[in-house]
Amino acid sequence: EARLLDTYELLNHPQTKDFLSKITAPNILVFKNTKAIENICENNHWHLINPKSELANLVEEKISQVKWLGQLKKFLPPHEVKTLKQITWPKFARHGNKLLPFILQFNRAHTGSGTYLIQTEEELNDLKTKFPDRLARVTEYIAGPMFTNNNVVWGKEVLVGNINYQITGLRPFTLNTFATIGNDWALPHKLLTPQKIKQYQKMANTIGEHLAKKGWQGLFGIDVILNPKNNRLYLIEINARQPASTTYESMLQDEEITKKNVSLLTTFAAHILSLLKEKNMQQKVAAISNGAQIIQKVIKKMPSAKGIFNKLTEANLKYFTYTNTKNESDWLRIQSTTGLFSNHNKLNSLGKKIQTILNKSL
């Protein structure tokens, strides 16, 4: 087509319907389930193997998530849920008479949109004037490294996946402070002690068990931040779907499995097996401790990228382009078999090389 189609448009496409009509009882797997997708599959008598969208929304959305977590909301940073007109500067964002920044989120927020860093009373009052009756979650602002990982609920078991450092808000890749722009699987092993990694894994497992009890199967991700002030890990987000980093993680795992000739699974393979209700034979996902990907967002009218591509190829990097033109949508994805960071928000030599290539071209 002349443009990229959304999933529901692909499912409704005549070519899709013609293709699937030749398959007996097709199983349909989508990246992120919605009610519209469920209706299309039901109307066409296709078996959608994703968990129900209603449960996914309950888990993902910022307001309902707090209630859904129940006792597990202890994993969250200090927070409150109120309508905008009820919100005053929270106690956890005060130090004596000094007002500290805090995070305000509306119910639906994805890759940084719908999330605000409130630093002044004017900013808060502006939102209160625009949306007085809208519910919002306010949370303590933590300036620390963010981590994420992809986990699989398989029956009653939880396969806890590889932790990666979540690249966030780095220029020139994005102008949005909260935009997620990539993953580094090498850096967590430098930033997190073995004890902290165990704490993270325990949190992921506990959330996975809670999901399993509610009927969830397959992939979910968690975003966790390390507070440098008290050295504690806090849950920031749950992604009740296939997280975007699954694809490259599985490619890195596949290389590791082939190299070592071991009987392990990629995260994506475990996802499919769980949703097809195959028997779990105590399989494990392959561990990786290297590799990274970083995304250049559309930040203005983007230039011809031919020169960029040649330099990336010379640096032995993979890349994928997008035809998006909307501001802050994906424009270029760069992948490396090694890490790109030496520390939190600090690129290593390869990362700096990518940054220089982009800076000179944008």
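Placed above this text is the structure.
Conventions we followed
- Residues numbered from 1 in each chain as written.
- Predicted model: local features only at pLDDT ≥ 70, side-chain atom pairs only at ≥ 80, totals over all residues.
- Heavy atoms only, no water.
- Buried < 20%, exposed > 50% of the residue type's maximum accessible area, 1.4 Å probe, protein only.
- Helix = DSSP H or I, 4+ residues; strand = E, 2+ residues; numbered from the N terminus.
- Arc of directions from axis to C-beta.
- Contact = heavy atoms within 4.5 Å.
- Salt bridge = Lys/Arg side-chain N within 4 Å of Asp/Glu carboxyl O.

## Observations regarding helix 11 (residues 306–314)
Every buried residue belonging to helix 11 is among Ile308, Phe309 and Leu312, and all of these are buried. One side of helix 11 holds all its buried residues, which, seen down the axis, span an arc of 100°. Exposed residues lying more than 90 degrees from the buried face of helix 11 are Lys306 and Glu314. Where the residues of helix 11 are buried, they touch strand 16 (318–321), strand 17 (330–336) and helix 12 (349–361). Just downstream of helix 11, Asn316 is the residue with a positive phi angle, here 65°.

## So, the pattern of salt bridges
Any two side chains of opposite charge can pair, given that their charged atoms come close. With the rule as written, the count across this model stands at 13 salt bridges. Here Glu9 ties to Arg3 by a salt bridge, and the two come within 2.7 Å at their closest N and O atoms. One salt bridge connects Glu38 with Lys35, and the closest N-O pair in it is separated by 3.9 Å. Here Lys35 and Glu38 lie together in helix 3 (residues 35–43), a separation of 3 residues that amounts to about one turn.

## Looking at unusual backbone geometry
Of the consecutive residues Arg171 and Pro172, the connecting peptide bond is found in the cis state with omega at 5°. Relative to the assigned elements, Pro172 resides in the loop between strand 11 (163–168) and strand 12 (180–184). Despite not being glycine, Asn261 shows a phi value in the positive range, around 50°. Accessibility expressed as a relative area gives 71% for Asn261, which makes it exposed. The backbone of Asn345 sits at a positive phi, close to 65°, despite the residue not being glycine. Given the relative accessible area of 42%, Asn345 is considered partly exposed.

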